[in-house]
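The lines below spell out each chain.
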Amino acid sequence: MYVPRPDRPTGDEQWRGFLRRYPFGQLVAAGLGRAVPVISPTPFVLEPDDTVLLHLATPNPIWAAIEENPLVVLAVIGDIAHIPGPWKAIGDENPALGVPTQYYGAVQVTARVELLPSPDDAVDVLRRTIDAFEVAEDLVDPREHASKLPGIRAARLHPQSVLAKFKFGGNVDVAHRLAVAERLAERGEPGDSEARQALLDL
């Protein structure tokens, strides 16, 4: 992923906050000698120490690729908004000369996978997942589903590097960013409010 200077994160908390806000991504495992990688959509939990917990179905072909090569990429994208070219013009500028673009945030975590093979590990990961996505008191403990545990495998991802991109008009001046922010507020399509806030936070 190409990340020009205006799109670089302001610090680690920016990409951490992004992953907490969008805890669903694509897990990519290259394996060894494969023509194409195995890609699996998955929810995940970002831990306070920056490791990532996840679980997937036992038959998922990604496990074989991970056993061949434990280095994977977790890719997450969000805050997506199309910016029409005319929105980029202010004052006497010709709207027809505006260059359309996409605003978005993207984080790619390269990580080493630690497989968590025991049923107790799987239960722990399920508990953390419930804590992150559910009201825990509304559900029984995952151990109550002991007969179903063989159907999943759990893993912990240990990040080796993080590449983050936040493309929200950092290459233009404040006046142009505010003009786009106003248009995003007026349009109100999915992703617009998040992109607008990211733009205003620059």
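Residues numbered from 1 in each chain as written. Predicted model: local features only at pLDDT ≥ 70, side-chain atom pairs only at ≥ 80, totals over all residues. Heavy atoms only, no water.

Would you mind going over the overall build of the chain with me for this structure?
Tallying secondary structure elements over the chain gives five helices and seven strands in all. For the chain, buried positions account for 38% of its 202 residues. Of the contacts made within the chain by residues no fewer than 6 positions apart, 72% connect residues no fewer than 24 positions apart. For the chain, the exposed surface amounts to about 11,000 Å²; the carbon and sulfur share of it is 56%. Separation between the mean location of the 20 positive side-chain charges and that of the 28 negative ones in the chain comes to 5 Å. (Helix = DSSP H or I, 4+ residues; strand = E, 2+ residues; numbered from the N terminus. Buried < 20%, exposed > 50% of the residue type's maximum accessible area, 1.4 Å probe, protein only. Contact = heavy atoms within 4.5 Å. Areas by Shrake-Rupley, 256 points an atom, 1.4 Å probe, with all protein chains shown as cover. Lys, Arg positive; Asp, Glu negative; His and termini not counted. Charge placed at Lys NZ, Arg CZ, Asp CG, Glu CD.)

I would appreciate a short explanation of the side chain of threonine 42 in the present structure.
Locating threonine 42 in the fold gives a position in strand S2 (residues 38-43). A relative accessible area of 0% places threonine 42 in the buried class. Residues in contact with threonine 42, not counting those within four places in the same chain, are Pro23, Phe24, Gly25, Leu27, Leu54, His55, Leu56 and Leu74.

Just checking my understanding: could you explain the sheet that holds strand S6 (residues 101-116) for this structure?
Two modes of strand pairing occur in sheets, parallel and antiparallel, and in both the strands are linked by backbone hydrogen bonds. Strand order in the open sheet formed by seven strands is S2-S1-S5-S6-S7-S4-S3, with antiparallel pairing between adjacent strands. Lying at the two open borders of the sheet, with one neighbouring strand each, are S2 and strand S3 (45-46). For strand S4 (residues 52-57) and strand S7 (residues 152-167), the ladder comprises six bridges, and the chain directions are antiparallel. Residue leucine 54 lies in a different strand from S7, and its bridge partner there is alanine 155. Packing against the sheet, helix H3 (residues 119-133) makes contact with S2, S3, S4, S6 and S7, and its axis sits at approximately 110° to S4. (Pairing = 2+ DSSP bridges. Axes fitted to C-alpha atoms, helices over the stretch in contact; angles between N-to-C directions.)

Quick question: what am I supposed to make of the pattern of salt bridges here?
When the charged atoms of two side chains with opposite charge come close together, those side chains can pair. Going through the model one piece at a time under the given rule, you end up with twelve salt bridges. A salt bridge links arginine 143 to aspartate 120; the shortest N-O distance between them is 3.1 Å. Residue arginine 143 is found in the loop between H3 and S7, and its partner aspartate 120 is found in helix H3; the two are separated by 23 residues along the sequence. By relative accessible area, which is 41% here, arginine 143 ends up partly exposed. Assessed through its relative accessible area of 42%, aspartate 120 is described here as partly exposed. Among the ionic contacts, a cluster of salt bridges with common partners joins Glu13, Arg16, Arg20 and Asp50. (Salt bridge = Lys/Arg side-chain N within 4 Å of Asp/Glu carboxyl O.)

Hey, could you run me through the packing of aromatic side chains in this one?
A complete count under the given rule lists three aromatic pairs for this structure. Measuring from centroid to centroid gives 5.1 Å for phenylalanine 18 and tyrosine 22, while their planes differ by 50°, and the two rings are tilted. Judged by relative accessible area, phenylalanine 18 falls into the buried class, the value being 1%. For the pair phenylalanine 18 and phenylalanine 166, a centre-to-centre distance of 5.6 Å together with 75° between the ring planes defines the contact as edge-to-face. Highlighted residues: phenylalanine 18 in helix H1 (residues 12-21) and phenylalanine 166 in strand S7, separated in sequence by 148 residues. Note on accessibility: phenylalanine 18 and phenylalanine 166 belong to one class, buried. By the ring-pair criterion, three or more aromatic residues cluster together here, those being Phe18, Tyr22 and Phe166. (Phe/Tyr/Trp six-rings, centres within 6.5 Å; stacked < 30°, edge-to-face > 60°.)

How do you make sense of the pairing of S2 when you look at a structure like this?
On a regular strand, one side chain projects to one face of the sheet and the next to the other, so that they alternate. Here S2 shows a buried face lined by Val38, Ser40 and Thr42 and an unburied face lined by Ile39, Pro41 and Pro43. Note that strand S1 (residues 24-29) and S2 share six bridges and pair antiparallel. Residue alanine 29 lies in a different strand from S2, and its bridge partner there is valine 38.

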